[in-house]
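Residue-level structural notes
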Amino acid sequence: RHGSVKSEDTFKTSPFHFDLWFYFTLQNWVLDFGRPIAMIILPLEWFPLNKPSAGDYFHMAYNVITPFLLLKLIERSPKTLPRSMVYVSIIMFVMGASIHLVGDSVNHRLIFSGYQHHLSVRENPIIKNLKPETLIDSFELLYYYDEYLGHSMWYIPFFLILFIYFTGCFTPVEEESRMPVAALLLMGPSSLYYWYLVTEGQIFILYIFTFFAMMALVMHQKRKGLVLDSNGLFLFYSFIITLVLIALWVVWLWNDKILRKKYPGVIYIPEPWAFYTLHMNNLHAAKESF
């Protein structure tokens, strides 16, 4: 019965969840985007390289708070959603984010030793000279857990939960299909964070398939006379703005030969931290030389 949609839920509507969307956006910016920044700007003597960094504690908090907010979001859906799928997705999300915590912690700490994110593992100067050479395989395994397995187990459940929630954001009342001012104010920071999530996480395929699924659902429900409520509009428009930001990012770095080398293939979407270690680090070094 948890997985079924009750008939009496069909025409229920839900007001805009400003509190949840605000907390969600705030903790995403502070605990996810802010964690590598905190690691870099805080004095190294506070967090020695052989101990967890400030960013690691941010990540731990993110791994606890985000699943809680996602569950609260699902609870506020006007429809009864498939709870078993939600719970399994939350479990996978926590596992993936925890795997990522370990790999990301080590990879970001390597920056202090000269590791350059715009280069592959084997092309990094500090990795090339490792002896025995089998240690390089270990670092590649660490990179795999961080960038591939961890990201997949983290982001696939994350976008699945958002889509499951999105399926319940439809109403037959036209007056409910409008966003309050609070939603418009949150849309910019929310979209910008999703841009960071997609580019840094290298999950454009997952994101674009989720967006296409949203579009297909909107068109399908429109034939039934149903429209998105304020929460659905907020999520849908945030994804549209995110797509625009990704396109602008790609156009800006289209002719960057070094980043092109690291991100070959049809889909070329450089990571922001790769851009930082390639260009911003050089800029800082130039300023210090003066």
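Given the structure is predicted, the values throughout are model-derived calculations rather than measurements. (Residues numbered from 1 in each chain as written. Predicted model: local features only at pLDDT ≥ 70, side-chain atom pairs only at ≥ 80, totals over all residues. Heavy atoms only, no water.)

Observations regarding the overall build of the protein chain
- The helix and strand inventory of the protein chain stands at ten helices and two strands.
- What you see for the protein chain is a C-alpha radius of gyration of 21 Å, in line with the 19 Å of a compact globule of 290 residues.
- When its C-alpha atoms are laid out on the principal axes, the protein chain stretches across 65 × 40 × 35 Å.
- The buried share among the 290 residues of the protein chain stands at 47%.
- Contacts in the protein chain between residues at least 24 apart in sequence constitute 78% of all its contacts with a sequence separation of at least 6.
- The distance from the centre of the 22 positive side-chain charges to the centre of the 22 negative ones in the protein chain is 4 Å. (Helix = DSSP H or I, 4+ residues; strand = E, 2+ residues; numbered from the N terminus. Rg over C-alpha atoms; globule rule 2.2 N^0.38 Å. Buried < 20%, exposed > 50% of the residue type's maximum accessible area, 1.4 Å probe, protein only. Contact = heavy atoms within 4.5 Å. Lys, Arg positive; Asp, Glu negative; His and termini not counted. Charge placed at Lys NZ, Arg CZ, Asp CG, Glu CD.)

A short note on the confidence of the model for the protein chain
- Averaged over all residues, the pLDDT of the protein chain equals 85, while 91% of them reach at least 70.
- Note that pLDDT drops below 50 for residues 1-9; the model gives that stretch 13 contacts with residues more than four away or on any other chain.
- Here residues 283-290 scores under 50 on pLDDT; set against residues more than four positions off or in separate chains, the count is one contact. (pLDDT = per-residue confidence, 0-100.)

What about the pattern of salt bridges?
- Per the counting criterion, the structure on display carries seven salt bridges.
- Put simply, arginine 35 and aspartate 104 hold a salt bridge, and the shortest N to O gap is 2.4 Å. One end of the pair, arginine 35, is in helix H1 (residues 18-41); the other, aspartate 104, is in helix H3 (residues 83-109), and 69 residues separate them in sequence.
- Look at arginine 35 and you get buried, because its relative accessible area is 7%.
- For aspartate 104, a relative accessible area of 6% corresponds to the buried category.
- Salt bridges sharing partners connect three or more residues here, namely Asp32, Arg35 and Asp104. (Salt bridge = Lys/Arg side-chain N within 4 Å of Asp/Glu carboxyl O.)

Some details on the nonpolar core
- Counting 63 residues, the largest nonpolar core has Trp21, Phe158, Tyr194, Leu235 and Phe239 as the members making the most contacts within it.
- Among the elements of the structure, H1, helix H2 (54-75), H3, helix H5 (134-166), helix H6 (181-201), helix H7 (204-223), helix H8 (230-252) and helix H10 (272-289) are those that each provide at least two residues to this core.
- Every residue in contact with leucine 235, bar those within four places of it in the chain, is listed here: Trp21, Leu162, Tyr165, Phe166, Tyr194 and Met214.
- Judged by nonpolar contacts, the second largest core, of six residues, contains Tyr115, Val121, Ile127 and Ile136. (Core = buried A, V, L, I, M, F, W, Y, C linked by side-chain atoms within 4.5 Å.)

Some thoughts on the environment of lysine 79
- Within the element layout of this structure, lysine 79 appears in the loop between H2 and H3.
- Separated by 86 residues in sequence, lysine 79 and tyrosine 165 have C-alpha atoms that sit 8.8 Å apart.

Some remarks on the side chain of glutamate 271
- Position of glutamate 271 among the secondary structure elements: in the loop between helix H9 (257-262) and H10.
- Lysine 262 provides the closest opposite charge to the buried, unpaired glutamate 271, separated from it by 4.1 Å.
- One polar contact links glutamate 271 to tyrosine 263, side chain to side chain, over a distance of 2.9 Å.
- Setting aside chain neighbours within four positions, we find glutamate 271 in contact with Tyr143, Glu147, Thr199, Glu200, Gln202, Trp249, Lys262 and Tyr263. (Polar contact = N/O pair within 3.5 Å; in protein donor to acceptor, adjacent residues only side chain to side chain.)

What to know about the UniProt feature "transmembrane region" (unreviewed entry) in the protein chain
- UniProt records the feature "transmembrane region" (unreviewed entry) for residues 20-42, 57-74, 86-103, 154-173, 203-220 and 232-254 in the present numbering.
- Annotated as residues 86-103, this span is 100% helix and 0% strand, and its ends, taken at the C-alpha atoms, are 26 Å apart. (UniProt positions renumbered as here; feature names shortened; annotations may be inferred.)

Describing the packing of H5 against H7
- One way to put it is that H5 packs onto H7 with a least axis distance of 10 Å and a crossing angle of 10°. Taken together, the axes of H5 and H7 are roughly parallel relative to one another. Along its contact with H5, which presents Tyr155, Ile156, Phe159, Phe163 and Phe166, the element H7 presents Leu206, Tyr207, Thr210, Ala213, Met214, Leu217 and Val218.
- Residues belonging to the contact of H5 with H7 are distributed by class as follows: eleven nonpolar, one polar and no charged. (Axes fitted to C-alpha atoms, helices over the stretch in contact; angles between N-to-C directions. Parallel < 35°, antiparallel > 145°, perpendicular 65-115°, else oblique. Nonpolar A, V, L, I, M, F, W, Y, C, P; charged D, E, K, R; others polar.)

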